[in-house]
Amino acid sequence: MDLNPDMNVRELLPQQGRFVMIDRLRHLDETAAVSSMTVKGDNIFVDGDVFSEAGIIENIAQTAAARMGYIGKYINRGEVKIGYIGEIKNFVIERCPRTGEELTTSVEIAGEIFSTLMVQAKVTVNSELIAHGSMKIAVIDTP
Amino acid sequence: MKLRDDFFRILAAQTCQDQIEYSIRLDSGHSIYRDHFPGNPVTPGVCIIQTVKELSEENLNRALFLHRIARVRYFKAINPVDNEIINVSLNISEKDGYYNVNARVFADETVFAQLSMIFGSVSV
């Protein structure tokens, strides 16, 4: 389903303040999620006008986290849980985005074992593929 | 964003054969820990990647671009209050203009993360 563009993504994430690394969760279904974010100059992962590799990876992790947050909050009527990156594998970054560019990030759920989610991710800028790879995210109930 | 001298500080560096080991101090009062996560400070996994990148840059004395992650594994979350001082060991080899960096993040017997990444040089 396509989601209300006015929905506040901060309600879906455990990260807060300047560490929020997506602007919007745009689409969500049983096996995937899509987010978008425009790189702004005051982003903590921007150095000069370059959005760092670390920022790209965080953007992917939060796309998956927002999907879990949406399901946890609006479908299961529970709380937004904290998730950690457990593993990153076969991950390629072609280039770093620059300020003003809009990232479209899609994650596909490749598997789910207990509370660990395996995702295959793809980040594009105007349909140019700039990063892709796989990631495992572990969700925990209490900190 | 540069994390060095802000999010972390280098306390010591020691070279042993083809390995270099840094001892670093995390700033548990850094604003990143207020947002990640509120009331529950945890060193973000991506900041560990960035830290390894900056220590590799310091060691090689050149700017790097993270081109490929073969595998990064996080075994245990780092709470910066409980683990203010941590060690990062680097093993760097060059091949065809790319740098293979194998890193381990640990304190005493605890291994927090293990990273295998390939960097390219940034042309200035």
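See above for the structure.
Note that the structure is predicted; figures quoted are calculated from it, not measured. Sequence order as written defines residue numbering, which begins from 1 separately in each chain. Key to labels: chains lettered from A, ligands numbered from 1, both in the order written. Under the rules for a predicted model, residues below a pLDDT of 70 receive no local features and side-chain atom pairs below 80 are neither given nor counted, while totals for whole chains, interfaces and linings still include all residues.

Asker: Can you walk me through helix H1 (residues 53-75) of chain A in this structure?
Answerer: Each helix is a run of DSSP H or I of at least 4 residues and each strand a run of E of at least 2, with the numbering of both proceeding from the N terminus. The span you would expect from a helix comes to 1.5 Å times its residue count less one. The first and last C-alpha atoms of H1 of chain A sit 33 Å apart over 23 residues, in line with the 33 Å expected at 1.5 Å per residue. Between the buried cut of 20 or more and the exposed cut of 12 or fewer other C-beta atoms within 10 Å of a residue's own C-beta lies the partly exposed class, and all C-beta atoms are placed from the backbone. Most of H1 of chain A is tucked away: 18 of the 23 residues are buried.

Asker: Looking at this structure, I do not really get the environment of Glu-94 of chain B. What am I missing?
Answerer: Residues and elements named next belong to chain B. In this structure, Glu-94 sits in strand S4 (residues 85-95). On the basis of neighbour count, Glu-94 is assigned to the exposed category, with 11 C-beta atoms found within 10 Å. Between the C-alpha atom of Glu-94 and that of Leu-64, which follows or precedes it by 30 residues, the distance is 13 Å.

Asker: For this particular structure, what's the right way to read the interface of chain B and chain A?
Answerer: Residue-level contacts link 25 residues of chain B with 27 residues of chain A. Counting residues per element, the ones that place at least two in the side of chain B that touches chain A are helix H1 (31-35), helix H2 (45-60) and strand S3 (64-74) of chain B. Per element, the largest residue contribution to the side of chain B that touches chain A is eight residues, and it comes from S3 of chain B. Note on pairing: DSSP must find at least two bridges between two strands before they are called paired. One ladder, built from five bridges, connects strand S5 (residues 82-93) of chain A with S3 of chain B; its direction is antiparallel. Bridge pairing in S3 of chain B places Glu-87 of chain A opposite Arg-73 of chain B. It is the C-beta atoms, placed from the backbone, that decide contacts: two residues are in contact if theirs lie within 7 Å.

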